[in-house]
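Understanding the architecture of this molecule
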Amino acid sequence: MFPVELPGTRARTLMWAQEHDIEQAALRQLRNIAQLEWVHGVRVMPDVHLGKGATVGSVIAMRDAVAPAAVGVDIGCGMESVRTDLTAADLPDSLHSLRSRIEAAVPVGFAAHKNAVDVGKLAARPSGVTTSTLRSGWDGFWRAFGSLERGVQSRESKAYKQMGTLGGGNHFIEICLDQDDTVWILLHSGSRNIGKELAERHMALARELPHNQDLPDRDLAVFLTGTPQMDAYRRDLTWAQEYAARNRAVMLALVCRAVQAEFGDRPVRFDEPISCHHNYVAEEIVDGMPMLVTRKGAVRAGEGELALIPGSMGTRSYVVRGKGNPDSFQSASHGAGRRMSRNAAKRQFTVADLVAQTEGVESRKDAGVVDEIPAAYKDIDEVIAAQRDLVDVVATLRQVLCVKG
């Protein structure tokens, strides 16, 4: 059944979705991307929907070029998860206290920590979550801030204090149960305000470059290999992707500490975390040639690689193992994907609808998160089924607690 080829494109575009199921604006966006002379090929995941610049759920292989808007403003956005040794039987009847602990530990929305998190002390805690991301490299990472684009230098203090924070929108922290009733922690976030500011500055610069003046969409402006603009963008992009990964690692450690505190003297064991980006650029070999691969709302699914594909705040999420399918550029979807815009969801649904659709989940149930209602998203089970040639399901997670900004 899949993939199917999108007609009318210069670069070959294969889709794990039917053309009639994709909004017309997203199809135009995909065709515009595939028209760029630097694009070798485009792959479209089953969670595809309209995005800013590039389509969410797309994988773009380029020769010697990168479009910063194809990466987007949340550079390095992705997922982190860890399995615990707790089970459903260990959880109290009410999870409100645990949600309060998590919300106290991890600032949400536009908020930041009052003081930067002491990652040295955090990594030293006997939580089991002591990945290399938490243990090492912090001094060098922060020293590199001084080499970033000059316009963000006044944001260093804010970047320090937002390390280990959630943000808003579709970002979340969840407590889930797998098919064996084992408790997992799952979270979704990115590079916060510093990633957004870096992205916006480079996107604006790219639009002004002479080689980008005749593009079908100015948001697809590119930087070219061998130019100072590309060098500067790759430098800032790489740093922001690392910021996002470190941000998730710090958050996960904070959440693990909150979970341990909730269970008092009962020691909680945490496995090694699973982590993956889904808005990023990587140097990869595609069809035997070196390419710059941009995944915008897509995860790498190389053979044997673990990844995380969330649904919505009232459905399911999946831990998957990649099959390394070369047809998809070794990629898979990053989630369920929206089926309607945030504004459309707010117009169509009420708080009562949200309460009904998140029954059994300890979470916010107010007008501020109606745009995140499960019905605003595609059916995650159908999305997973459409990519059975890309990934195998390792674990199926159902939310029992969800924190949103």
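Predicted model, so just to flag it, every value in this text is computed and none were measured. (Residues numbered from 1 in each chain as written. Predicted model: local features only at pLDDT ≥ 70, side-chain atom pairs only at ≥ 80, totals over all residues. Heavy atoms only, no water.)

This brings us to the overall build of the protein chain. Helix and strand counts for the protein chain stand at 12 helices and 17 strands. Since a compact globule built from 405 residues should have a radius of gyration of about 22 Å, the 21 Å found for the protein chain is in line with a globular shape. When the backbone C-alpha atoms are referred to their principal axes, the protein chain occupies close to 65 × 50 × 40 Å. Within the protein chain, buried positions represent 57% of all 405 residues. Looking at the protein chain alone, contacts between residues at least 24 apart form 75% of all its contacts between residues at least 6 apart. Of the roughly 16,200 Å² of accessible surface on the protein chain, 49% is carried by carbon and sulfur atoms. Each charge class in the protein chain can be summarised by its mean position, and for the 48 positive and 51 negative side chains these summaries are 4 Å apart. (Helix = DSSP H or I, 4+ residues; strand = E, 2+ residues; numbered from the N terminus. Rg over C-alpha atoms; globule rule 2.2 N^0.38 Å. Buried < 20%, exposed > 50% of the residue type's maximum accessible area, 1.4 Å probe, protein only. Contact = heavy atoms within 4.5 Å. Areas by Shrake-Rupley, 256 points an atom, 1.4 Å probe, with all protein chains shown as cover. Lys, Arg positive; Asp, Glu negative; His and termini not counted. Charge placed at Lys NZ, Arg CZ, Asp CG, Glu CD.)

Assignment of secondary structure puts Leu134 in helix H5 (residues 132-135). For the pair formed by Leu134 and Arg248, sequence separation is 114 residues and the distance between their alpha carbons is 9.9 Å.

One open sheet accounts for six strands, arranged S1-S2-S3-S4-S12-S11; its pairing is mixed. Each edge of the sheet is formed by a strand with only one pairing partner; in this case those strands are strand S1 (4-5) and strand S11 (279-286). With four bridges connecting them, strand S2 (residues 12-15) and strand S3 (residues 39-49) associate as parallel partners. Across the sheet, residue Thr13 finds its bridge partner in S3, namely Val42. With respect to the sheet, helix H1 (residues 24-35) is in contact with S2, S3 and strand S4 (56-62), its orientation differing from that of S3 by roughly 160 degrees. Set on the sheet, helix H9 (residues 228-262) makes contact with S11 and strand S12 (289-296); between it and S11 the angle comes to about 110 degrees. (Pairing = 2+ DSSP bridges. Axes fitted to C-alpha atoms, helices over the stretch in contact; angles between N-to-C directions.)

This paragraph deals with the side chain of Thr358. Among the secondary structure elements, Thr358 is positioned in the loop between helix H11 (351-357) and helix H12 (380-385). Among the polar contacts listed, one links the side chain of Thr358 to the backbone oxygen of Leu354, at a separation of 2.7 Å. There is a polar contact of 2.8 Å between the side chain of Thr358 and the side chain of Lys365. If we skip the residues at most four places from it in the chain, Thr358 touches Met313, Ser363, Lys365 and Pro374. (Polar contact = N/O pair within 3.5 Å; in protein donor to acceptor, adjacent residues only side chain to side chain.)

So, about the UniProt feature "binding site: Mn(2+) 1" (unreviewed entry) in the protein chain. With numbering matched to this structure, UniProt assigns "binding site: Mn(2+) 1" (unreviewed entry) to Asp74 and His171. In sequence the annotated residues extend across 98 residues, while in space they remain close, none of their C-alpha pairs exceeding 10.9 Å. Within the secondary structure, Asp74 is located in the loop between helix H2 (68-71) and strand S6 (78-87). Of the residues examined, Asp74 reaches a relative accessible area of 17% and is grouped as buried. (UniProt positions renumbered as here; feature names shortened; annotations may be inferred.)

Within the secondary structure, Leu205 is located in helix H8 (residues 192-207). Separated by 153 residues in the primary sequence, Leu205 and Lys52 place their C-alpha atoms 16 Å from one another. Setting aside chain neighbours within four positions, we find Leu205 in contact with Phe223 and Gln229.

Ranked by size, the top nonpolar core spans 137 residues in total, and within it Ile102, Trp142, Ile173, Ile175, Ile185, Trp239 and Val259 carry the most contacts. A per-element tally of this core places H9 first, with 16 residues. Setting aside chain neighbours within four positions, we find Trp142 in contact with Glu156, Ala159, Tyr160, Met163, Trp239 and Tyr243. (Core = buried A, V, L, I, M, F, W, Y, C linked by side-chain atoms within 4.5 Å.)

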